[in-house]
Amino acid sequence: MASDISSQATVRPFLPGDLSTLLTMNNAAVPAVSEVTAEELLDLINQALICLVAEVSGEPAGFLLCLGDGVDYDSPNYAWLSARVTNFAYTDRICVSETMRGRKIGDALYAALFEHYAGTGRSFLCEVNERPPNPGSLRFHGRLGFEEIGKADHGDKAVVYLQRPAEPKADNGS
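Below, the structure is looked at part by part. The structure displayed is predicted, hence computed values, not measured ones.

**A look at the pattern of salt bridges**
Under the definition given, this model contains eight salt bridges. Across the salt bridge formed by lysine 151 and glutamate 130, the nearest N and O atoms sit 3.2 Å from each other. Within this pair, whereas lysine 151 is found in strand E6 (residues 147-153), its partner glutamate 130 is found in strand E5 (residues 123-131), the two being separated by 21 residues in sequence. We classify lysine 151 as partly exposed; its relative accessible area is 47%. Linked through salt bridges whose partners overlap, the residues forming this network are Arg12, Asp18 and Glu55.

**Brief notes about a negative patch on the surface**
Judged by side-chain charge, Glu35, Glu39, Glu40 and Asp43 come together as a negatively charged surface patch. Residue placement: glutamate 35 occurs in the loop between helix H1 (19-28) and helix H2 (38-47). The class for glutamate 35 is exposed, based on a relative accessible area of 57%.

**Some details on the sheet that holds strand E7 (residues 158-164)**
Spatially, E1-E2-E3-E4-E5-E7-E6 is the arrangement adopted by the seven strands of the open sheet, whose pairing is mixed. Edge positions in the sheet fall to strand E1 (10-13) and E6, since each has one partner strand and no second. For this sheet, the mean inter-axis angle between neighbouring strands, taken without regard to orientation, is 30°. Direction of pairing for strand E3 (residues 59-68) relative to strand E4 (residues 88-96): antiparallel, over a ladder of seven bridges. Directly across from cysteine 66, in E4, lies its bridge partner threonine 91. Contacting strand E2 (50-56), E3 and E4, H1 crosses the sheet at an angle of about 80° to E3. Strands in contact with helix H5 (residues 135-143) are E4, E5 and E7; relative to E5, the strand with the most contacts, it is inclined by about 155°.

**Points about the pairing of E3**
In terms of burial, E3 is a largely internal element, nine of the 10 residues being buried. Taking the residues between adjacent antiparallel strands as the criterion, E2 and E3 are bridged by two residues, where serine 57 takes a positive phi near 55°.

**A look at the packing of aromatic side chains**
Here the structure, examined in full by the defined rule, presents nine aromatic pairs. On the numbers, 5.7 Å between centres and 55° between planes, the contact of tyrosine 78 with tyrosine 90 is tilted. Note that tyrosine 78 is positioned in helix H3 (residues 76-82) and tyrosine 90 in strand E4, a separation of 12 residues in sequence. Given the relative accessible area of 0%, tyrosine 90 is considered buried. Between tyrosine 110 and phenylalanine 146, the ring centres sit 5.5 Å apart and the planes meet at 65°, which makes this aromatic pair edge-to-face.

**Regarding the nonpolar core**
Membership of the largest hydrophobic core comes to 30 residues, with the highest contact counts inside it found for Leu41, Phe63, Leu65, Leu67 and Tyr90. Sorting the residues of this core by element identifies H1, H2, E2, E3, H3, E4 and E7 as the ones contributing at least two each. The dominant element in this core, judged by the number of residues it contributes, is H1, at four residues. Apart from residues no more than four positions distant in its own chain, leucine 67 is found in contact with Leu44, Gln47, Ala48, Leu49, Tyr73, Tyr78, Phe88, Ala89, Tyr90 and Asp92.

The rules behind the values
Residues numbered from 1 in each chain as written. Predicted model: local features only at pLDDT ≥ 70, side-chain atom pairs only at ≥ 80, totals over all residues. Heavy atoms only, no water. Salt bridge = Lys/Arg side-chain N within 4 Å of Asp/Glu carboxyl O. Helix = DSSP H or I, 4+ residues; strand = E, 2+ residues; numbered from the N terminus. Buried < 20%, exposed > 50% of the residue type's maximum accessible area, 1.4 Å probe, protein only. Patch = residues over 30% accessible without salt bridge, like charges linked within 9 Å, V, L, I, M, F, W, Y side chains within 5 Å. Areas by Shrake-Rupley, 256 points an atom, 1.4 Å probe, with all protein chains shown as cover. Lys, Arg positive; Asp, Glu negative; His and termini not counted. Charge placed at Lys NZ, Arg CZ, Asp CG, Glu CD. Pairing = 2+ DSSP bridges. Axes fitted to C-alpha atoms, helices over the stretch in contact; angles between N-to-C directions. Contact = heavy atoms within 4.5 Å. Phe/Tyr/Trp six-rings, centres within 6.5 Å; stacked < 30°, edge-to-face > 60°. Core = buried A, V, L, I, M, F, W, Y, C linked by side-chain atoms within 4.5 Å.

So, to be careful, I would describe these as geometric facts and stop short of saying anything about function.
In structure tokens form, the structure reads like this:
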């Protein structure tokens, strides 16, 4: 049984030295995410609202790449969501190293994202594959409060679109 090491994970912004590790992690997760080249991943990171990296023992264990609205991104999923929702943080991809799966790294990444955008009014969006099926991701996102807002069939892939409401501003007693 995998242990919960999320308390040992440090979540920080992307650093240029992370690129090759994140690229390997991303491409090992296909078809849950789309395969990219180093140049394509760097372009996405440069357009990102935020790219968070979870680090365990000084090494990247996972990452979450999030785009805001108004980005020039040639993705049918991003286009579908952009046509229906404004003021959002769209998780284009979340990947966890194969050796770190089942250890709450994804939870730590999303917790940092939600905290970072608390009080901004941004809702959180993503899509999960229905074909090929990704039931683990659907359960994971459902547990985090994401709810279905639509579906699309792209021929080779079918997806379900999910949204989580904006986080309220943290009440720190002041």
